[in-house]
Amino acid sequence: MKIFCVGIGGIGLSGVAQIMKSQGHELSGSDAVASDITDSLKRSDIQVQRVHRPENIDDTFDLLIYSEAVPADNPERVRAKELGIKQINYAEALGMLSKKKKTIAITGTHGKTTITGMMTSILLNAGWDPTIIIGSKIDVLNHQNFRVGAGEW
């Protein structure tokens with residue numbers, strides 16, 4: 001599947017993009033802000049555009065995933081709609097990923113990243129080989145915000 005991510009430099013969507021790339025999907029995206037995350041995506045051979053333009057989207061894309069921070073009038077989202085390309089938000093993309101594995105989801109107002117980091121350490125130390133998406137880069141994941149595991153979790 002060929003996927004374009006609008007807001008790909010965000011902490012959550014960048015992790016989703018990396019995991020989907022590891023599953024064999026062709027990924028690219030856009031983000032108006034250059035960062036160490038967009039640099040990391042580029043090092044993983046994920047093309048990142050710095051300007052949101054309709055020209056970034058063509059009819060070869062199968063899916064557009066967007067950050068909740070990206071409005072419906074974003075030029076890439078508008079172009080995808082014109083072309084009939086399916087669009088889903090970040091939460092729906094997480095749902096797609098979680099259909100393939102057993103899932104532990106940490107929710108709430110405060111402490112999600114801390115608890116997810118603790119769970120990551122526990123699962124890794126238990127030898128479960130989990131796939132992880134977390135809202136921060138953490139030491140136990142070699143300063144990444146994601147991990148591609150072969151385990152069922």
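Residues numbered from 1 in each chain as written. Predicted model: local features only at pLDDT ≥ 70, side-chain atom pairs only at ≥ 80, totals over all residues. Heavy atoms only, no water.

Some points on the packing of helix H1 (residues 11-22) against helix H4 (residues 90-98)
Relative to each other, H1 and H4 sit at 35°, their axes nearing to 10 Å. Where H1 crosses over H4, the handedness of that crossing is left-handed. Where H1 approaches H4, its residues Gly12, Leu13, Val16, Ile19 and Met20 are matched on the opposing element by Tyr90, Ala93, Leu94, Met96 and Leu97. Residues of the contact of H1 with H4, tallied by class, amount to nine nonpolar, one polar and no charged. (Axes fitted to C-alpha atoms, helices over the stretch in contact; angles between N-to-C directions. Helix = DSSP H or I, 4+ residues; strand = E, 2+ residues; numbered from the N terminus. Left-handed = near helix turned anticlockwise from the far one by under 90°. Contact = heavy atoms within 4.5 Å. Nonpolar A, V, L, I, M, F, W, Y, C, P; charged D, E, K, R; others polar.)

Quick notes on helix H3 (residues 75-83)
Those residues of H3 that fall on the buried side of the exposure criterion are Glu76, Arg77 and Ala80. Take H3 and look down its axis: the buried residues cluster within an arc of 100°, on one side only. Turned more than 90 degrees away from the buried face of H3, the exposed residues are Lys81 and Glu82. On its buried face, H3 sits against strand E1 (2-6), strand E2 (26-30), strand E4 (63-66) and strand E5 (86-89). Its side-chain oxygen at 2.8 Å from the backbone nitrogen of Glu76, Asn74 defines the N-terminal cap of H3. (Buried < 20%, exposed > 50% of the residue type's maximum accessible area, 1.4 Å probe, protein only. Arc of directions from axis to C-beta. Polar contact = N/O pair within 3.5 Å; in protein donor to acceptor, adjacent residues only side chain to side chain.)

Here we look at the sheet that holds strand E3 (residues 47-49)
Across the sheet, which stays open at both edges, the five strands sit in the order E3-E2-E1-E4-E5 with parallel pairing between neighbours. Where the open sheet ends on each side, the last strands, each with one partner, are E3 and E5. On average, each strand axis in the sheet is inclined to that of its neighbour by 25°, with strand direction left out of account. Relative to E3, E2 runs parallel, the two being bridged by three bridges. Counted as the bridge partner of Ser28 is Gln47 from E3. Taken strand by strand, H3 contacts E1, E2, E4 and E5, and its axis lies near 150° from that of E4. Running over the sheet, H4 touches E4 and E5 and is turned about 95° from E5. (Pairing = 2+ DSSP bridges.)

With respect to the pairing of E2
Within E2, four of the five residues are buried, which leaves the element mostly enclosed by the surrounding structure. As paired strands, E1 and E2 are joined by five bridges and run parallel to one another. Looking across to E2, one finds that Phe4 is bridged to Ser28. After leaving E2, the chain enters helix H2 (residues 36-43) and then returns to the sheet as E3, a path that is right-handed. (Right-handed = clockwise from strand over helix to strand, strands pointing away.)

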